[in-house]
Amino acid sequence: MANTKEIKNRIESVRNTQKITNAMYLIASTKLTKARADLDKALPYFQLQESEMKRIFQRRNDVNSHYFYPETGRKSAESYAYLVVTADKGLAGAYNHNILKAAEAELKKHKNTMLYVVGEYGRQYFVRRNIPIERSFLYTAQNPTFRRAREISNVLLNLYNTGQADEIRIIYSHMERGGLAVARKDQLLPFERGQFGKMEEVQPGEFRKEYEFVPNVTAALENIVPSYIAGYIFGALVESFCSEQNARMTAMKAANDNAEELLNNLSVEYNRVRQEAITQEITEVAGGARAQRKKREKQKAQKSGKETGGK
């Protein structure tokens with residue numbers, strides 16, 4: 001059984017750990033608020049780009065771009081490039097595990113794959129399993145910026161434009177309503193034409209405004225696509241970062257709750273052991289006093305007997 005000193009040391013240790021988890025909760029909360037604000041500021045620009053791409057498809061039916069599947073239908077891809085977005089560290093519940101599990105499942109489906117990783121946690125995970133990584137983007141997970149998203153976008157676009165990868169896919173954490181984060185798998189390139197709408201039909205007598213594209217509609221569209229891809233990656237990076245911080249807040253709150261419960265149990269145990277020690281001390285004092293009293297009585301009786309015998 002532990003003594004009071006050992007229990008007090010355990011209580012102090014738990015309290016120190018609780019201070020750390022509480023600080024991590026507050027830091028994650030601050031980072032989450034800032035990341036959401038940054039994403040809200042950037043979203044209108046990328047939403048406008050998407051709406052412009054939709055407007056092109058709604059006004060012209062002669063769009064021919066290698067960024068889109070041909071009108072005749074999909075071609076079977078032979079090579080794939082995956083961008084996997086993880087965190088730089090753990091202590092975020094099942095956040096990293098869900099992403100890596102989804103990534104491994106995707107990699108098993110195709111033989112010719114190239115892996116690009118955001119986040120130190122994911123890099124170490126694949127290295128330990130001898131899964132080759134083409135490139136790891138450092139510091140991006142903890143500081144998602146549009147400049148870094150553009151850097152990643154340029155690397156992936158070069159793969160696609162040079163024919164090294166037939167399809168570009170991204171696996172990241174998407175935060176749904178209620179704060180639930182799920183692993184999301186999206187295809188970046190090529191696009192489905194139907195993703196941006198179809199040519200609008202003009203009713204008899206209806207006027208439809210035409211747009212002039214310089215030098216042509218294909219060049220205009222292919223000028224928009226790289227920025228759109230960079231914006232999509234930036235949104236995925238920020239959303240993953242938000243999901244990570246939300247998962248860390250949940251994990252730290254659970255740790256705080258467990259620490260509080262453990263402190264309550266240790267306090268009860270400490271009081272019980274302390275009461276037992278006090279009771280034992282009282283018993284020992286009482287036993288000692290009783291022994292001393294008996295000793296005095298015995299000595300007194302012996303003295304009295306000697307006096308009686310002398311007379």
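Bear in mind that the values here come from a model prediction, so they are computed numbers and not experimental data.

A few points about helix H3 (residues 120–128)
Then comes step 1: Those residues of H3 that sit buried are Gly122, Tyr125 and Phe126. Axial view of H3: buried residues confined to an arc of 90 degrees, hence all on one face.
Then comes step 2: Lining the buried residues of H3 we find helix H2 (95–109) and strand E2 (113–118).
Then comes step 3: Immediately beyond the C-terminal end of H3, within one or two residues, lies Asn130, with a positive phi of roughly 55 degrees.

Some thoughts on the confidence of the model for the chain
Then comes step 1: Chain-level statistics for the chain give a pLDDT mean of 83 and a share of 91% at 70 or above.
Then comes step 2: Of all the helices and strands in the chain, helix H1 (residues 4–59) carries the lowest mean pLDDT, 83, while strand E1 (residues 80–85) carries the highest, 95.

Thoughts on the nonpolar core
Then comes step 1: Among the nonpolar cores identified, the biggest contains 52 residues, and Leu83 and Phe191 are the most heavily contacted of them.
Then comes step 2: Going through the elements one at a time, H1, E1, E2, helix H4 (146–161), strand E4 (167–175), strand E5 (181–189) and helix H5 (217–310) are the ones with two or more residues in this core.
Then comes step 3: No other element matches the 15 residues that H5 contributes to this core.
Then comes step 4: Ignoring any residue separated from it by four or fewer positions in sequence, one finds Leu83 in contact with Tyr116, Val118, Phe137, Ile152, Leu156, Arg169, Ile170, Ile171 and Ile233.
Then comes step 5: Grouped together as the second largest cluster of nonpolar side chains are 14 residues, Ala77, Tyr80, Val84 and Ile99 included.

So, the sheet that holds E5
Then comes step 1: One open sheet accounts for five strands, arranged E3-E2-E1-E4-E5; its pairing is mixed. Two strands close off the open sheet at either side, each with one partner strand: strand E3 (135–137) and E5. The sheet shows a mean angle of 20 degrees between the axes of neighbouring strands, taken without regard to direction.

Digging into the packing of H2 against H3
Then comes step 1: At their nearest, the axes of H2 and H3 sit 11 Å apart, and the two run at 45 degrees to each other. Taken as axis vectors, H2 and H3 run oblique relative to one another. The handedness of the crossing between H2 and H3 is right-handed. Note on element contacts: H3 touches H2 through Tyr121, Gly122, Tyr125 and Phe126, opposite Asn96, Leu100, Ala103, Glu104 and Leu107.
Then comes step 2: Grouping the constituent residues of the contact of H2 with H3 by class yields six nonpolar, two polar and one charged.

Focus: the layout of surface pockets
Then comes step 1: Of the volumes computed, that of the largest pocket is approximately 330 Å³.
Then comes step 2: Along the wall of the largest pocket there are 15 residues; nearest its centre are Leu43, Phe46, Gly231, Tyr232 and Gly235.
Then comes step 3: Looking at the lining of the largest pocket, the elements that each hand over two or more residues are H1 and H5.
Then comes step 4: At seven residues, the largest contribution of residues to the lining of the largest pocket is made by H5.
Then comes step 5: When grouped by side-chain class, the residues that make up the lining of the largest pocket number nine nonpolar, three polar and three charged.
Then comes step 6: If you add up the space inside the second largest pocket, you get close to 280 Å³.

Brief notes about the packing of aromatic side chains
Then comes step 1: In the structure shown here, the tally under the stated rule is six aromatic pairs.
Then comes step 2: The interplanar angle of 15 degrees and the centroid separation of 6.0 Å between the aromatic rings of Tyr67 and Tyr160 together place this pair among those described as stacked. Taken as a pair, Tyr67 in the loop between H1 and E1 and Tyr160 in helix H4 lie far apart in primary sequence, 93 residues in all. The exposure classification of Tyr67 matches that of Tyr160, with both residues buried.
Then comes step 3: Where Tyr228 meets Tyr232, the ring centres are 6.5 Å apart and the plane angle is 55 degrees; that geometry is what we call tilted. Note that Tyr228 and Tyr232 are positioned in helix H5 at a spacing of four residues, about one turn of the helix.
Then comes step 4: What links up through ring pairs into an aromatic cluster is the set Phe68, Phe191, Tyr228 and Tyr232.

Basis of the calculations
- Residues numbered from 1 in each chain as written.
- Predicted model: local features only at pLDDT ≥ 70, side-chain atom pairs only at ≥ 80, totals over all residues.
- Heavy atoms only, no water.
- Buried < 20%, exposed > 50% of the residue type's maximum accessible area, 1.4 Å probe, protein only.
- Helix = DSSP H or I, 4+ residues; strand = E, 2+ residues; numbered from the N terminus.
- Arc of directions from axis to C-beta.
- Contact = heavy atoms within 4.5 Å.
- pLDDT = per-residue confidence, 0-100.
- Core = buried A, V, L, I, M, F, W, Y, C linked by side-chain atoms within 4.5 Å.
- Pairing = 2+ DSSP bridges.
- Axes fitted to C-alpha atoms, helices over the stretch in contact; angles between N-to-C directions.
- Parallel < 35°, antiparallel > 145°, perpendicular 65-115°, else oblique.
- Left-handed = near helix turned anticlockwise from the far one by under 90°.
- Nonpolar A, V, L, I, M, F, W, Y, C, P; charged D, E, K, R; others polar.
- 1 Å grid on protein atoms, 1.4 Å probe; cavity = no way out; pocket = protein on both sides within 12 Å on 5 of 7 lines; lining within 4 Å.
- Points joined across faces, edges and corners; volume = space filled by probe spheres on them.
- Phe/Tyr/Trp six-rings, centres within 6.5 Å; stacked < 30°, edge-to-face > 60°.

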